Amino acid sequence: MIKITNLYKNFGPQTVLSDINMHVAPGEIFGIVGHSGAGKSTLLRCLNGLEGYDSGSVKIMDREVKDFSRDGLLELRSEMGMVFQTFNLMSRKNVFENVAFPLQIWKHPTAHIQERVMELLALVGLESKSHERIGNLSGGQKQRVGIARALALNPKILLCDEATSALDPKTTGSILDLLDDINQRLRLTIVLVTHQMEVVKRLCHRLLLLDGGVTQAMGQTEDLFLSPPENLKKLIDEDYMLIPGINIRLMFPRNVSQDSIVTRMARELGVDFSIVGGKLERYHDDILGFLIINVQPEHLERTIGYLKKQKLHWQLMEDGNNPYPHVAPEV
Ligand SMILES: Nc1ncnc2c1ncn2[C@@H]1O[C@H](COP(=O)(O)OP(=O)(O)O)[C@@H](O)[C@H]1O
Ligand SMILES: [Mg+2]
């Protein structure tokens, strides 16, 4: 569906994308992940020709993006809907008019527009809001309008740039559910850019981790979260408020109960652990347990020995207050 090979992109003297290689399969949800300034949006915009590139190849359905004529690019973009963090809606128009806009540009017959817009509003759960002005909508509703508009021309690919970054956690959850739903119902390929780990875990089948325009990691989401490389580990750890001392993150499949892990470990080692946090986290089609325990320095070595013996996935967490940063075990 999408194939990028040895892609380089500069803004003046600054190289913002350096030797990017990735492919996205039809029906896949692919995440481009990284801190602000990493080059995520630029990479996304190279996909639909909103940005040019200096060398390498970007192929969408086997066609090289930079070979498209102006009209060809417009047509390519009609096959790739785009959803933005700030919604980019026309505030003077109502919900219906916003969703209808791309259909009008492409001169679809009025009767078809009427039918198609109502179908899209039903898909995103906004049938009753068709006459509402954009200004009267909540952030989540605005993003639903943005998604409906992006789907208006029946695109094969949906590009989302930080689509949930301006939303509260609950609304984020409902938009992620919607994206998951349309991915499955419409067999839509989705490429999404995000700095939110919640979004990646919940939605993405695979991900590319960017830092300074350079690929830091790429692979199946679940594999990468179970044994995160250093840069991803940092991003994941930013989601937690750590307590001082040595924090260890354990990761285990859903059929293992976290109580039994900790109870067994405490009993066998004769050590008490503080539990910093723990939850079951939903991945695309699986659930993994995460548990963060705080360990006293004198118990660290034995704890690690135990974890290794049990063959659990675990990692020491990034923590500015960690007085033992040198205790970096091999994983
Ligand atoms: N139009 C532009 N002109 C010059 N520099 C840009 C432009 N767009 C982005 N950049 C720079 O490219 C880098 C990557 O930006 P961007 O792709 O927006 O990152 P991200 O989406 O990961 O936050 C940043 O250093 C940014 O300042
Ligand atoms: Mg961006």
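This text goes with the structure placed above it.
Model, not experiment: these values are computed from the prediction. (Residues numbered from 1 in each chain as written. Chains lettered and ligands numbered in written order. Predicted model: local features only at pLDDT ≥ 70, side-chain atom pairs only at ≥ 80, totals over all residues. Heavy atoms only, no water.)

**Notes on the site of ligand 1**
Near ligand 1, the surroundings consist of F11, Q14, V16, H35, S36, G37, A38, G39, K40, S41 and T42. Take A38: an N or O atom from its main chain is 3.1 Å from an oxygen atom of ligand 1. Between T42 and ligand 1, the recorded distance is 2.5 Å, taken from a side-chain N or O atom to an oxygen atom. Relative to its free-state accessible area of 560 Å², ligand 1 is covered by the protein chains to the extent of 58%. (Near = heavy atom within 4 Å. Polar contact = N/O pair within 3.5 Å; in protein donor to acceptor, adjacent residues only side chain to side chain. Areas by Shrake-Rupley, 256 points an atom, 1.4 Å probe, with all protein chains shown as cover.)

**Observations concerning the packing of helix α3 (residues 95-105) against helix α5 (residues 139-151)**
Interaxial distance between α3 and α5 falls to 7 Å at its minimum, and their mutual angle equals 30 degrees. One way to sum up the angle between α3 and α5 is to call them roughly parallel. In this structure, α3 crosses over α5, and the sense of that crossing is right-handed. Here V95, N98, V99 and P102 of α3 come into contact with α5, specifically with V145, A148 and R149. (Axes fitted to C-alpha atoms, helices over the stretch in contact; angles between N-to-C directions. Helix = DSSP H or I, 4+ residues; strand = E, 2+ residues; numbered from the N terminus. Parallel < 35°, antiparallel > 145°, perpendicular 65-115°, else oblique. Left-handed = near helix turned anticlockwise from the far one by under 90°. Contact = heavy atoms within 4.5 Å.)

**A word on the environment of T172**
By secondary structure assignment, the location of T172 is in helix α6 (residues 169-186). With a relative accessible area of 6%, T172 lands in the buried category. With near-sequence residues (within four places) excluded, T172 lies in contact with T164, L167 and V199. (Buried < 20%, exposed > 50% of the residue type's maximum accessible area, 1.4 Å probe, protein only.)

**Overview of the environment of N231**
Within the fold, N231 resides in helix α9 (residues 230-237). Taking the C-alpha atoms as reference points, N231 and D211, 20 residues apart in sequence, are found 8.2 Å from one another. Contact partners of N231, with chain neighbours within four places excluded, come to L209, D211 and Q216. Here the side chain of N231 touches Q216 through a polar contact of 3.5 Å, side chain to side chain.

**Some details on helix α11 (residues 300-310)**
Each α-helix winds once per 3.6 residues, and so residues spaced three or four apart point in a common direction. Of all the residues in α11, the buried ones are L300, T303, I304, Y306 and L307. Each buried residue of α11 sits inside an arc of 160 degrees when the element is viewed along its axis, so together they form one side. Residues of α11 that are exposed and angled more than 90 degrees away from the buried face: E301 and K309. At the C-terminal side of α11, K311 shows a positive phi close to 55 degrees. (Arc of directions from axis to C-beta.)

Nothing here speaks to function; it is geometry throughout.
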